[in-house]
Amino acid sequence: MSAYTAGEAFGFARQQRVVDSPDEWRDLDRAVWHWVMAHGGDEATARAAAWASHAEGQGHSALPLAYCDSSGRRVLDDRQCDALARSPLVAAVQAGDAPEARPLVLDGEHLYLLRNHRAEVDVARALRARRDAAHAPRSPISDADLRALFNGSWQDAEERQRAAVRQALGRRLMVLTGGPGTGKTTTVLRMLLGLSCEHHAVTGRLPQLRIAAPTGKAAQRLAESLRQGAERLHGGAQPIGAEWLPHLGAVLTADAATVHRLLGSRGRHGGYAFNAGEPLPADIVVIDEASMLDLGLLRALLAALREDAVLVLVGDADQLTSVGTGSVMMDVVQALEDDLRGDLVRLSHCFRADVALVPINEAVRAGDVAAFDAAIGAATVHAVPDVASLRRRLFAWARDLQAALEAVAITTPVAANHQRALAARLAVLRRQQLLCALREGSFGATQAAETIAARLRAWEALAPWSGGAWYPGRCVMVTRNDHAARLYNGDVGVCVLVDNGAGKPLLQVAFEPAPDASSAIRETTAAGLRLLDPTTLPPHEDAFALTVHKSQGSEYDRVAVLLPPDPASPLLVRQMLYTGMSRAKTVVELWALSEVTKKALSTRLARHGRLANRISASRHG
Ligand SMILES: Nc1ncnc2c1ncn2[C@@H]1O[C@H](COP(=O)(O)OP(=O)(O)OP(=O)(O)O)[C@@H](O)[C@H]1O
């Protein structure tokens, strides 16, 4: 789209041509330039506004006045910065609210689009209020209770888990962070039991509990882990006392949903059914994978919460931030770490049986090149300098995938009610996964998935389906929410051959249980695995290779992380590498040149904005 057509889309066609339109600007940024010029702004303000829009497109909530373009040149000179403060379209403030609504806000050394400024201010204010509302618990948890909640165990390695459970009581905000396998979910379950007990002591009734995550898949995983954990607590070698059972019941019957669904999203511009005027009927809300929350969604969530509700944010603050604006989990953790009050617990001990990957993940998390070199033996490294070598890797990968599909007899029909056989086929999705830093291009996930699919289809056992789009073993990921089908962006399914006892077996796509089915419902639907006709699926794509972004919240036995051979790629950041590699449970492969890996290791993704400062500003009002 040219600058003119972008402008036309906004209803102000045939304006001046954008002066010096930088190559990096998107059509939207140019449209913002036109909007400012059409509304009485000067050239400097229009330019700054377009750059603020561009920065938002990169995930920043604000444009620092010293912002540099990709060639390292400042995008606004001193004269332009001075002009901004005098512009009628700009509200200049020194921290805090903009006194009047103007489209741009100059807050100290940062320029904001108004909505991002409001979101930052509102989120910080709500979080500060939640922090300040902490009080001594009515029914503090005893060491005996803690021991009971941890199955009679009292190890040093569990101290922070116990601290998290103890410290959550009496608060309106609790944040739990830690890497994979550090026991976040295990701790959340105990925390919920403690919070439920406290709620009962204060109100005389059990709490209304809601659990959610930014994606359906993550919500489903949390619900399932909590259910399994609750069963172990109830039926293990040292079952918890009868006094806990009503609270366990509250956890077991809690609905799990995406955050959008929790808030009653009415679509892109329709707002939410639950908001400040119509608060969410919930006493305790747990959000897992909170690193995927963006600024706008956290603002909506905080607005919808009742003042006396407890919000528990759980996630790995070192993972990639959301694709949207801001890096809220990272900022919240930083602010709470700067002002320790017990409402943040960072777990660090890995409890997994297989800890071989812990040192390398820790080295990547910390960006420690020496520790990474020392731990690299835990990973398999393949240098992939060009398309030909990538192709060879992909072929070998497809061969292994074929072997995994063969092992579950993917081309043999299975009865629709044979849950075990269906679950075995579905489990292939968690066996091996290729994760790519890029989406597009010859090193991107789309092309890699195509190459793997083409190679797989050359398998003679799949010949009967050679004419169609669907074949047994095709793995797909849903790319758009379909609330009616209870399928959500990020859900993965595998195509299976189903014998329904009425003639020719049918191709169906198997998915795990719906995330927003309560556990009671899940139990009545024979383990809840869903079989759907391929023609009824919402938009989807092949899932043989995914971007690292899309893999957040999932784990696989074996992971290969593919990095592009160009060290200058802007997506090569430490959080991306950490997120990708830490998805592996037992085997991790790096398909990358060593200089590219080092570049990613030593580059920390930082998003511009002032949320962390605003939250920590509590002591100054
Ligand atoms: N205190 C503990 N004692 C024994 N095992 C534990 C303890 N805490 C966690 N585990 C075990 O460690 C494994 C990981 O725990 P959990 O799933 O709670 O971690 P997590 O941080 O939520 O992991 P992920 O981020 O990968 O979902 C599980 O097998 C769990 O049973």
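Here the structure is a predicted model, which is why all the values come from computation and not from measurement.

(A) Structural context of the overall build of the protein chain. Within the protein chain one finds 23 helices and 21 strands. In terms of overall size, the protein chain behaves like a compact globule, its C-alpha atoms giving a radius of gyration of 26 Å where 621 residues would be expected to give roughly 25 Å. Overall size of the protein chain, expressed as C-alpha extent along the three principal axes, is 75 × 65 × 50 Å. By sequence separation, contacts in the protein chain at least 24 residues apart represent 71% of the contacts at least 6 residues apart. Put simply, the protein chain shows about 25,600 Å² of open surface, and 51% of that area lies on carbon and sulfur atoms. Treating the 69 positive side-chain charges of the protein chain as one cloud and the 68 negative ones as another, the clouds have centres 2 Å apart.

(B) Structural view of the sheet that holds strand β9 (residues 310–315). Strand order in the open sheet formed by 6 strands is β7-β6-β8-β9-β5-β10, and the pairing between neighbours is parallel. Each end of this open sheet is capped by a strand with a single partner; those strands are β7 (255–258) and β10 (344–347). Strand-to-strand twist across the sheet, computed as the mean angle between neighbouring axes with direction ignored, equals 20 degrees. Where strand β6 (residues 209–213) and β7 come together, 4 bridges link them in parallel fashion. Following the sheet pairing, A213 is matched in β7 by T258.

(C) Seen up close, the UniProt feature "binding site: ATP" (unreviewed entry) in the protein chain. Those places that UniProt annotates as "binding site: ATP" (unreviewed entry) correspond, in this numbering, to G178, G179, P180, G181, T182, G183, K184 and T185. With respect to the helices, strands and loops of the structure, P180 is situated in the loop between β5 (173–178) and α8 (184–203). Aside from chain neighbours lying at most four places away, what touches P180 is D316, C350, R352, E555, Y578 and S582. With respect to the secondary-structure elements, G183 resides in the loop between β5 and α8. Owing to a relative accessible area of 12%, G183 belongs among the buried residues under this scheme. Ignoring anything within four residues of it in the chain, the contact list for G183 reads Q161, L347 and F351.

(D) Highlighting the UniProt feature "domain: AAA+ ATPase" (unreviewed entry) in the protein chain. Summarizing the sequence annotation, UniProt attributes the feature "domain: AAA+ ATPase" (unreviewed entry) to residues 170–361 in the numbering used throughout. Spanning residues 170–361, this segment combines 40% helix with 15% strand, and its end C-alpha atoms are found 34 Å apart.

(E) View of the nonpolar core. Membership of the largest hydrophobic core comes to 84 residues, with the highest contact counts inside it found for L434, F544, L563, L577, M581 and W591. Residues in contact with L563, not counting those within four places in the same chain, are A437, F443, L572, M576, L577, W591, A592, V596 and T597.

(F) Molecular detail of the sheet that holds strand β3 (residues 104–107). Read across the open sheet, the 4 strands follow the order β1-β4-β3-β2; overall the sheet is mixed. Each edge of the open sheet carries a strand with a single partner, namely β1 (63–64) and β2 (90–93). Note: β2 against β3, 4 bridges, orientation parallel. Of the residues in β3, the one forming a bridge with A92 is L106. Where helix α3 (residues 43–57) meets the sheet, its contacts fall on β1, β2, β3 and β4 (110–113), and the angle it forms with β4 comes to roughly 75 degrees. Its contacts with the sheet place helix α5 (residues 114–132) against β2, β3 and β4, and it is angled at close to 105 degrees to β4.

(G) Focus on the environment of A448. Within the element layout of this structure, A448 appears in helix α18 (residues 445–457). Considered as a pair, A448 and G40 are 408 residues apart in the sequence and their alpha carbons are 49 Å apart. With sequence-adjacent residues up to four places away left out, A448 is seen in contact with L394, L434, C436 and A545.

(H) Inspection of empty space enclosed by the protein at higher detail. As enumerated under the stated definition, the model contains 3 cavities of 30 Å³ or more in all. Lining the second largest cavity we find S61, E120, L295, G326, S327, V328, D331, R607, H608, G609, R610 and L611. Its residues assigned to classes, the lining of the second largest cavity comprises 3 nonpolar, 5 polar and 4 charged.

(I) Summary view of the site of the ligand. Looking at the ligand, there are 14 residues lining it, with Q161, T185, T186, R352 and E555 nearest. Within the side chain of Q161, one N or O atom sits 2.8 Å away from a nitrogen atom of the ligand. Protein chains shield 70% of the accessible area of the ligand, which is 620 Å² for the free molecule. A per-element tally of the shell around the ligand places α8 first, with 3 residues. Residues belonging to the shell around the ligand are distributed by class as follows: 2 nonpolar, 7 polar and 5 charged.

(J) View of helix α12 (residues 295–304). Burial within α12 is extensive, with 7 of its 10 residues counted as buried. All buried positions along α12 are accounted for by L295, L297, L298, A300, L301, L302 and A304. Buried positions along α12 lie against α5, α11 (259–262), β8 (284–287), β9, α13 (328–338) and α23 (611–616). Of the residues that open α12, the one with a side-chain oxygen 3.2 Å from the backbone nitrogen of G296 is D294.

(K) A look at the pairing of β3. Neither face of β3 is open: one carries L104 and L106, the other V105 and D107, and all of them are buried. As defined by bridge partners, β3 adjoins β4 across 4 bridges and the pair is classed as antiparallel. Paired with L106 across the bridge in β4 is L111.

(L) A look at the packing of aromatic side chains. A complete count under the given rule lists 3 aromatic pairs for this structure. On the numbers, 5.8 Å between centres and 75 degrees between planes, the contact of W25 with W51 is edge-to-face. One end of the pair, W25, is in the loop between α1 (3–9) and α2 (27–38); the other, W51, is in helix α3, and 26 residues separate them in sequence. Classification of W25 by relative accessible area gives buried; the value is 4%. Linked through ring pairs, W25, W51 and Y67 together constitute an aromatic cluster. In this structure, R474 packs its charged tip against the face of W470, placed 4.2 Å from the ring centre.

(M) Seen up close, the pattern of salt bridges. A complete count under the given rule lists 36 salt bridges for this structure. Notably, a salt bridge pairs R26 with D29, separated by 2.8 Å at the nearest N-O pair. Since its relative accessible area comes to 32%, R26 is described here as partly exposed. For D29, a relative accessible area of 0% gives the class buried. The salt bridge partner of R341 is D339, with a shortest N-O separation of 3.2 Å. With a relative accessible area of 9%, D339 lands in the buried category. Overlapping salt bridges bring together R131, D132, D339, R341 and D343 as one network.

About the cut-offs
Residues numbered from 1 in each chain as written. Predicted model: local features only at pLDDT ≥ 70, side-chain atom pairs only at ≥ 80, totals over all residues. Heavy atoms only, no water. Helix = DSSP H or I, 4+ residues; strand = E, 2+ residues; numbered from the N terminus. Rg over C-alpha atoms; globule rule 2.2 N^0.38 Å. Contact = heavy atoms within 4.5 Å. Areas by Shrake-Rupley, 256 points an atom, 1.4 Å probe, with all protein chains shown as cover. Lys, Arg positive; Asp, Glu negative; His and termini not counted. Charge placed at Lys NZ, Arg CZ, Asp CG, Glu CD. Pairing = 2+ DSSP bridges. Axes fitted to C-alpha atoms, helices over the stretch in contact; angles between N-to-C directions. UniProt positions renumbered as here; feature names shortened; annotations may be inferred. Buried < 20%, exposed > 50% of the residue type's maximum accessible area, 1.4 Å probe, protein only. Core = buried A, V, L, I, M, F, W, Y, C linked by side-chain atoms within 4.5 Å. 1 Å grid on protein atoms, 1.4 Å probe; cavity = no way out; pocket = protein on both sides within 12 Å on 5 of 7 lines; lining within 4 Å. Points joined across faces, edges and corners; volume = space filled by probe spheres on them. Nonpolar A, V, L, I, M, F, W, Y, C, P; charged D, E, K, R; others polar. Near = heavy atom within 4 Å. Polar contact = N/O pair within 3.5 Å; in protein donor to acceptor, adjacent residues only side chain to side chain. Phe/Tyr/Trp six-rings, centres within 6.5 Å; stacked < 30°, edge-to-face > 60°. Lys NZ or Arg CZ within 6 Å of the ring centre and 35° of its normal. Salt bridge = Lys/Arg side-chain N within 4 Å of Asp/Glu carboxyl O.

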